[in-house]
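Report on the structure
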Amino acid sequence: MNLAKPDLKWYIQQKAAQNVKERLYGYPSYLNQLSVQNQIKYSIPTEFVGCINDQDQKDVIKILKFTHLKWLAKNNSFALGYNKINNQKRQGHLSIFDLNDWKLFYKKFSNDEAMVGILNQEYLNKIFGLGSNGGIYTIEKGQGGLEQRPALETKIMQITEGAFSPNHYKIAFSSQDKLIYLYDVQSEQKETLIGHGKEVYTVQWNPENSLIVSGADDETIRLWDASSRDEILNLKRHNLGVKKIRWNRNGTYFVTTGKDKQTMLFDIRKLDMEIFKLHQNQVDTIFWHPKYYNIFLTGDANGSISCYNINAPIEPMYVQHVPETIVSDLALDYSGSMMSVIRAKQVQPDQKISMADQISIYKTA
């Protein structure tokens, strides 16, 4: 009987993956499995509180695209980014919405660059905003309104997403030029991760270690060791580009969503196996519950918000549907009792043009 010759590349990847697994989680791995949360009742905000949109502001123009949401640790408020579009010119902004006085505070970038997203809202008690040309800004609410200052100028162009390392010393950037950049905040030095064949849409740093996961238009999900810059694993589970990836809060699972309208969950302790596939709608946002590492929510282009328990993945725990809308982002506060949702009304479904996005706010009933 002739035995098939083992694939050398596959063997090297598996060996590297096992080495990383041992370094991150100890050996043997079955002795370090995290306990499963078995709580049945979860506090998912479902009671509508109100909404904000461009009509609440006298000087906000008609076409408004909200981008990213982040709840602040204190003061019952959340930060958001948004883009104004005027005569085909896009201006990026950072904002804070305060629920105490129901008021939106906002500032535009000094050089009118396009807003990409909010990186982090806890480091040095500041919110960090990122522009597509590599500028990083801080924003905080002061007595005279919002204070915004340039913090860093990375000079990395065509950025699509960014994520801080757990110790905040480095930032990982995905970009349209097929590369992932590692930017050292202190030395301002740049390193690159090379491997993707097309535009990299998303990059996320594991919250507990030096592992990085990325997704690109080449349909692959790649795992990297940030300390050595080595590619650990190359997974191809999506049929089209991978648009978004998010880790759970202890870094044992990540969820991916792609242009093929599939959403998948992966267990990092297995490294090469998907756990299950979720609904077949285009998912635009993923958010892990701040208290329970086995609960996450998704928002899709069909106007639905779904809540999943990874221990019982067959059906979602909860579904909220608002027809003729697109859920482009959602976020829970630190207690999980408040939720903000960006909904875009689909004016022309074939072209997916949205006008005057709206932010809905819910609390636990």
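All figures in this text were calculated on a predicted structure; none of them were measured in a lab.

Considering the overall build of the protein chain
Looking only at helices and strands, the protein chain features 1 helix and 28 strands. In the protein chain, which comprises 365 residues, the share counted as buried stands at 51%. Within the protein chain, counting contacts between residues at least 6 apart in sequence, those at least 24 apart form 44% of the total. Counting only carbon and sulfur atoms, one obtains 48% of the accessible surface of the protein chain, whose full area is about 17800 Å².

Concerning unusual backbone geometry
The backbone phi angle of Gln 158 is positive, close to 60°, even though this residue is not glycine. Structurally, Gln 158 is set in the loop between strand E9 (145-153) and strand E10 (159-164). What makes Gln 158 partly exposed here is its relative accessible area of 41%. Even without being a glycine, Glu 324 presents a positive backbone phi close to 60°. Judged by its relative accessible area of 61%, Glu 324 falls in the exposed class.

Examining the environment of Gly 303
Topologically, Gly 303 is positioned in the loop between strand E23 (295-300) and strand E24 (304-309). Overall, Gly 303 belongs to the buried group, its relative accessible area being 0%. Between the alpha carbons of Gly 303 and Lys 345 there is a distance of 9.1 Å; along the sequence they are 42 residues apart. When neighbours within four sequence positions are excluded, Gly 303 is seen to be in contact with Gln 320, His 321, Val 322, Thr 325, Val 327 and Arg 343.

With respect to the pattern of salt bridges
Close approach of charged atoms allows side chains with opposite charge to pair. Tallied over the full model, the rule gives 9 salt bridges. The salt bridge partner of Glu 161 is Arg 246, with a shortest N-O separation of 3.0 Å. With a gap of 85 residues between them, Glu 161 in strand E10 and Arg 246 in strand E18 (residues 242-247) connect regions that are remote in the sequence. A residue is classified by how much of its surface remains accessible, and Glu 161, at 11% relative accessible area, is buried. Taking the shortest distance from any N to any O, the salt bridge between Glu 274 and Arg 237 comes out at 3.1 Å.

A few points about the sheet that holds E10
The 4 strands lie next to each other as E10-E11-E12-E13, forming an open sheet whose pairing is antiparallel. At either margin of the open sheet sits one strand with a lone partner, and together these are E10 and strand E13 (190-193). Geometrically, the sheet is characterised by an average inter-axis angle of 25° between neighbouring strands, direction not taken into account. Bridge count between strand E12 (residues 180-184) and E13: 4 bridges; the pairing is antiparallel. Residue pairing across strands places Leu 182 opposite Glu 191, the latter belonging to E13.

Digging into the sheet that holds strand E15 (residues 211-216)
Sheet architecture is open: 4 strands sit in the order E14-E15-E16-E17, paired in antiparallel fashion. The sheet is open, and its two edges are formed by strand E14 (200-205) and strand E17 (230-235), each paired on a single side. Ignoring strand direction, the axes of neighbouring strands in this sheet form an average angle of 20°. In this structure, strand E16 (residues 221-225) lies alongside E17, joined through 5 bridges in antiparallel fashion. Bridging from a neighbouring strand, Arg 222 pairs with Asn 234 of E17.

Thoughts on the environment of His 196
Topologically, His 196 is positioned in the loop between E13 and E14. The spacing of His 196 and Ile 221 is 25 residues in sequence and 9.1 Å in space, taken between C-alpha atoms. In this structure His 196 touches Lys 178, Ile 180, Ser 214, Gly 215, Ala 216, Asp 218, Thr 220, Arg 222 and Trp 224, once residues within four positions along its chain are discounted. Polar side-chain contacts of His 196 include one of 3.1 Å to the side chain of Asp 218. Engagement of the side chain of His 196 in a polar contact is seen with the side chain of Thr 220, the distance being 3.2 Å.

Remarks on the packing of aromatic side chains
Tallied over the entire structure, the rule returns 9 aromatic pairs. Aromatic side chains Trp 71 and Phe 78 sit 5.0 Å apart centroid to centroid with 55° between the ring planes, which places their arrangement in the tilted category. For the residue pair Trp 71 and Phe 78, the accessibility class agrees, reading buried in each case. Summarising the aromatic geometry, the rings of Phe 97 and Trp 102 are spaced 5.1 Å apart at their centres and angled 80° between planes, so their arrangement reads as edge-to-face. On the basis of relative accessibility, which here comes to 1%, the residue Phe 97 falls in the buried class. Ring pairs connect the aromatic residues Trp 71, Phe 78, Phe 97 and Trp 102, which therefore count as one cluster. Taking the ring centre of Tyr 201 as reference, the NZ or CZ of Lys 243 above it sits at 4.0 Å.

Conventions we followed
Residues numbered from 1 in each chain as written. Predicted model: local features only at pLDDT ≥ 70, side-chain atom pairs only at ≥ 80, totals over all residues. Heavy atoms only, no water. Helix = DSSP H or I, 4+ residues; strand = E, 2+ residues; numbered from the N terminus. Buried < 20%, exposed > 50% of the residue type's maximum accessible area, 1.4 Å probe, protein only. Contact = heavy atoms within 4.5 Å. Areas by Shrake-Rupley, 256 points an atom, 1.4 Å probe, with all protein chains shown as cover. Salt bridge = Lys/Arg side-chain N within 4 Å of Asp/Glu carboxyl O. Pairing = 2+ DSSP bridges. Axes fitted to C-alpha atoms, helices over the stretch in contact; angles between N-to-C directions. Polar contact = N/O pair within 3.5 Å; in protein donor to acceptor, adjacent residues only side chain to side chain. Phe/Tyr/Trp six-rings, centres within 6.5 Å; stacked < 30°, edge-to-face > 60°. Lys NZ or Arg CZ within 6 Å of the ring centre and 35° of its normal.

All we've got here are geometric facts, nothing functional implied.
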